[in-house]
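Architecture at a glance
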Amino acid sequence: MTIQSEVEVVDAAAMKRALTRISYEIIERNKGIKNIVLVGIKTRGIYLANRIAERLEQLEGINVPVGELDISLYRDDVHTNVHDDPEVKGSDLPTEIEGKQVILIDDVLFTGRTVRAALDALMDLGRPSKISLAVLIDRGHRELPIRADYVGKNIPTSFEEQIKVAVSEVDGMDHVLIQKLK
């Protein structure tokens, strides 16, 4: 498939506002941020988790632990050929998640399969008291009964469209594009 057209739907300022809004919602719904661990799903979810942690620290004066979760081995939509092994980058959690309130963070929520894999991976690492989901973009088209607790922006899409999130740490700029595929 090739890209027929692309349109920027979220610029750097709008992305920052969305992450700030998510940060305020996390504080409000959890009555503070004690006992919270943010876990970013590799790759871009990690950078979004770090930005939310920075904002939470600015707002509440508390350093929230941020972990990285690699879901490569847990995906059900990648292992189509038994001879193709996924590239495992490894998970890194700075603290125990047992009994903690974990907030999983990802860039885009689409079918729900990434989140399902993340839940499986997380449960292999410990038993949190609660797991919530924060996403920058919810584009719809769920295949599993999964919903985000914190959403930066809802962007309804068609199946002929793709959401591309760029973060400065990886891509050199912050924005979200809708790409029309052909």
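Residues numbered from 1 in each chain as written. Predicted model: local features only at pLDDT ≥ 70, side-chain atom pairs only at ≥ 80, totals over all residues. Heavy atoms only, no water.

Where an unreviewed UniProt entry is consulted, the protein appears under the name Bifunctional protein PyrR, with the organism given as Pisciglobus halotolerans. Of the protein, the UniProt comment under Subunit (unreviewed entry) reads exactly: "Homodimer and homohexamer; in equilibrium." (UniProt positions renumbered as here; feature names shortened; annotations may be inferred.)

Here we come to the packing of aromatic side chains. One pass over the structure, following the stated rule, counts one aromatic pair. Geometry around Phe110 places Arg139 over its ring, the cationic atom sitting 3.9 Å from the centre. (Phe/Tyr/Trp six-rings, centres within 6.5 Å; stacked < 30°, edge-to-face > 60°. Lys NZ or Arg CZ within 6 Å of the ring centre and 35° of its normal.)

On to the sheet that holds strand 7 (residues 161–166). Taken together, the three strands give an open sheet; going across it, the order is 1-8-7, and neighbouring strands pair in antiparallel fashion. Bordering the open sheet on either side are strand 1 (3–10) and strand 7, each of which pairs with just one other strand. Pairs of neighbouring strands in the sheet enclose a mean axial angle of 25°, with direction left out of account. Judged from the six bridges that link them, strand 1 and strand 8 (residues 175–181) form a sheet pairing that is antiparallel. From the neighbouring strand, Val7 faces strand 8, where its bridge partner is Ile178. (Pairing = 2+ DSSP bridges. Helix = DSSP H or I, 4+ residues; strand = E, 2+ residues; numbered from the N terminus. Axes fitted to C-alpha atoms, helices over the stretch in contact; angles between N-to-C directions.)

Those places that UniProt annotates as "short sequence motif: PRPP-binding" (unreviewed entry) correspond, in this numbering, to residues 102–114. Helix makes up 15% of residues 102–114 and strand 62%. Its end C-alpha atoms lie 16 Å apart.

A word on the sheet that holds strand 2 (residues 36–41). As summarised here, the arrangement of the five strands in space is 3-2-4-5-6, forming an open sheet in which the pairing is parallel. Edge positions in the open sheet fall to strand 3 (66–69) and strand 6 (150–154), since each of these has one partner strand only. Strand after strand, the sheet turns through a mean of 25° between neighbouring axes, direction not considered. Sheet topology note: the strand 5 (residues 130–138)/strand 6 ladder contains four bridges and is parallel. Pairing of Val135 across the sheet is with Val151, part of strand 6. Sheet strands in contact with helix 3 (residues 113–125) are strand 2, strand 3, strand 4 (101–109) and strand 5, and its direction is about 155° off that of strand 4. (Contact = heavy atoms within 4.5 Å.)

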